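# Geometric and topological summary
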Amino acid sequence: MSPDDVLAEFRDAGALLEGHFVLSSGLHSGVFLQKMAIFSDPVRTERLCRALAQSIAERFGRIDIVVSPAIGGIVPGYETARHLGARAVFVERDPGGPFSLRRGFSIPAGTRAVIVEDIVTTGLSARECLASLRGEAGEIVGAACLIDRSGGRGEIGLPLVTLVTLDIPAYPADALPPELAALPAVKPGSRLIPTA
Ligand SMILES: O=P(O)(O)OC[C@H]1O[C@H](OP(=O)(O)OP(=O)(O)O)[C@H](O)[C@@H]1O
Ligand SMILES: O=C(O)c1cc(=O)[nH]c(=O)[nH]1
Ligand SMILES: [Mg+2]
């Protein structure tokens, strides 16, 4: 699947939104990739995650477990795991707190795991996911996402494979361009961001 094919899936699903968005990192952007417009369509999700699984297998070899940060990572993590012949687990937060593996999930000794994210903007959520797995005995060999919107600058602490790299501007709250500041801001994701 080419980068253009991937972007066409997002465009055709109505997942490319314009407005004023507060992102998980606290940065603001005029563009939001509404991944749930993809994940609510099993056929589109299957196409994208099949391609992601292929890239993961080519780059990292055998994968036993896919681990994803909730909520956005759960559906693509499961579908990508299905194509890899792997198990799918996820980390989740107490409201406002750090990620942790619960529900009896683990990364046992001798297993090879990959983190699967939906979108990478700064890499913060994938880094937090990795940090939450520090006590697990298995090996976290890499990370993957459908779209890396960081221009390749997202830092995860693992090699990252992606179907598409975009460089979409994002701004600190005190450095908004006037056309963005003029629009009301919405915060679509599940991370609680404290407001001043
Ligand atoms: O690379 P980052 O700067 O961390 O941004 C990307 C993250 O933001 C979104 O999650 P969000 O915390 O908004 O919640 P969600 O998964 O529930 O959508 C998305 O699912 C990624 O996890
Ligand atoms: O950085 C984010 O929070 C983010 C960006 C984006 O385009 N889509 C998304 O779901 N989250
Ligand atoms: Mg997320």
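Not measured: the values here are computed from a predicted model.

With that settled, the discussion passes to the site of ligand 2. Close to ligand 2 lie Leu23, Ser24, Phe32, Leu33, Lys35, Ile119, Thr121 and Arg149, which account for all nearby residues. Take lysine 35: an N or O atom from its side chain is 2.8 Å from an oxygen atom of ligand 2. Notes on ligand 2: free accessible area 290 Å², of which the protein chains cover 91%. In terms of residue class, the shell around ligand 2 is made up of 4 nonpolar, 2 polar and 2 charged.

Attention now goes to the UniProt feature "binding site: orotate" (unreviewed entry) in the protein chain. UniProt records the feature "binding site: orotate" (unreviewed entry) for Thr121 and Arg149 in the present numbering. Considering the C-alpha atoms alone, the annotated residues occupy 29 residues of sequence yet fold into one spot, their largest mutual distance being 5.2 Å. With respect to the helices and strands, threonine 121 occurs in the loop between β6 (112-120) and α5 (124-132). Here threonine 121 falls in the partly exposed class, since its relative accessible area comes to 23%. In this structure threonine 121 touches Leu23, Arg149 and Ser150, once residues within four positions along its chain are discounted. Residue position: arginine 149 is located in the loop between β7 (139-148) and β8 (160-165). On the basis of relative accessibility, which here comes to 3%, the residue arginine 149 falls in the buried class. Every residue in contact with arginine 149, bar those within four places of it in the chain, is listed here: Leu23, Ser29, Val31, Phe32, Leu33, Ile119, Val120, Thr121, Leu166, Asp167, Ile168 and Pro169. Reaching out from arginine 149, the side chain makes a polar contact with the backbone oxygen of valine 31 at a distance of 2.9 Å.

Parameters at a glance
Residues numbered from 1 in each chain as written. Chains lettered and ligands numbered in written order. Predicted model: local features only at pLDDT ≥ 70, side-chain atom pairs only at ≥ 80, totals over all residues. Heavy atoms only, no water. Near = heavy atom within 4 Å. Polar contact = N/O pair within 3.5 Å; in protein donor to acceptor, adjacent residues only side chain to side chain. Areas by Shrake-Rupley, 256 points an atom, 1.4 Å probe, with all protein chains shown as cover. Nonpolar A, V, L, I, M, F, W, Y, C, P; charged D, E, K, R; others polar. UniProt positions renumbered as here; feature names shortened; annotations may be inferred. Helix = DSSP H or I, 4+ residues; strand = E, 2+ residues; numbered from the N terminus. Buried < 20%, exposed > 50% of the residue type's maximum accessible area, 1.4 Å probe, protein only. Contact = heavy atoms within 4.5 Å.

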